[in-house]
Amino acid sequence: MAASRLPPTALTLKQFLRRQQVLQLYRKILRAVRDVPAEADRRYLKDWAREEFKRNKDATEEDAIRMMITQGNMQLQELQRTLKLAKS
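Source: prediction; values computed, not measured.

What counts, and where the lines are drawn
- Residues numbered from 1 in each chain as written.
- Predicted model: local features only at pLDDT ≥ 70, side-chain atom pairs only at ≥ 80, totals over all residues.
- Heavy atoms only, no water.
- Axes fitted to C-alpha atoms, helices over the stretch in contact; angles between N-to-C directions.
- Helix = DSSP H or I, 4+ residues; strand = E, 2+ residues; numbered from the N terminus.
- Parallel < 35°, antiparallel > 145°, perpendicular 65-115°, else oblique.
- Left-handed = near helix turned anticlockwise from the far one by under 90°.
- Contact = heavy atoms within 4.5 Å.
- Buried < 20%, exposed > 50% of the residue type's maximum accessible area, 1.4 Å probe, protein only.
- Patch = residues over 30% accessible without salt bridge, like charges linked within 9 Å, V, L, I, M, F, W, Y side chains within 5 Å.
- Areas by Shrake-Rupley, 256 points an atom, 1.4 Å probe, with all protein chains shown as cover.
- Salt bridge = Lys/Arg side-chain N within 4 Å of Asp/Glu carboxyl O.
- Lys, Arg positive; Asp, Glu negative; His and termini not counted.
- Charge placed at Lys NZ, Arg CZ, Asp CG, Glu CD.
- Nonpolar A, V, L, I, M, F, W, Y, C, P; charged D, E, K, R; others polar.

Peer 1: Give me the lowdown on the packing of helix H1 (residues 13-34) against helix H3 (residues 62-87), citing residues and values where you can.
Peer 2: Between H1 and H3, the least distance of the axes is 10 Å, while the angle of their chain directions is 20°. On the basis of the axis angle, H1 is roughly parallel to H3. Remark: the crossing between H1 and H3 carries left-handed chirality. Packed against H1, whose contacting residues are Lys14, Arg18, Gln21, Val22, Leu25, Lys28, Ile29, Ala32 and Val33, the element H3 presents Glu62, Ile65, Arg66, Ile69, Gly72, Asn73, Leu76, Leu79, Gln80 and Leu83 at the interface.

Now the structure itself:
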């Protein structure tokens, strides 16, 4: 019997794509945080994002992950709207 060349913890295509969505969201949040004018607020938001993603890194249930991505996108949009209002 031929052994699989994939490691035992290899991600499925669906898991890989979901992981990419999560990483993309994280990067977008960090980019948005760069636009926060106050250093203390910027540091707080960066730490908050890091902790939220770390806290949920072991989530495996597909529906829960999808829900967290949706909530993260909504929070990102709210942050972007707030920054846009602050600039005007």
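So, next bit.
Peer 1: Go over the environment of Asp41, please, and point to the residues and values.
Peer 2: Examined against the element boundaries, Asp41 turns out to sit in helix H2 (residues 39-55). Residue classification places Asp41 among the partly exposed positions, given a relative accessible area of 44%. A C-alpha to C-alpha distance of 32 Å links Asp41 and Glu61, two positions 20 residues apart in sequence.

Peer 1: Explain a positive patch on the surface residue by residue, including any values.
Peer 2: On the surface, Arg19, Arg27, Lys28, Arg31, Arg34 and Lys46 cluster together into a patch of positive charge. Examining the composition of the positive patch, we find that five residues originate from one element, H1, more than from any other. With respect to the helices, strands and loops of the structure, Lys28 is situated in helix H1. Lys28 gets classed as partly exposed once you look at its relative accessible area, which sits at 37%.

Peer 1: Break down the packing of H1 against H2 for me, with residues and values.
Peer 2: Relative orientation and spacing of two packed helices are given, respectively, by the angle between their axes and the distance between those axes. Remark: H1 packs on H2, axes separated minimally by 9 Å, with the N-to-C direction vectors making an angle of 170°. By the angle between their directions, the pair H1 and H2 is classed as roughly antiparallel. On H2, the residues that touch Val22, Leu25, Tyr26, Ile29, Leu30, Val33 and Arg34 of H1 are Arg42, Leu45, Lys46, Ala49, Arg50 and Phe53. For the contact of H1 with H2, a count of residues per class yields nine nonpolar, no polar and four charged.

Honestly, it's all geometry; don't read function into it.
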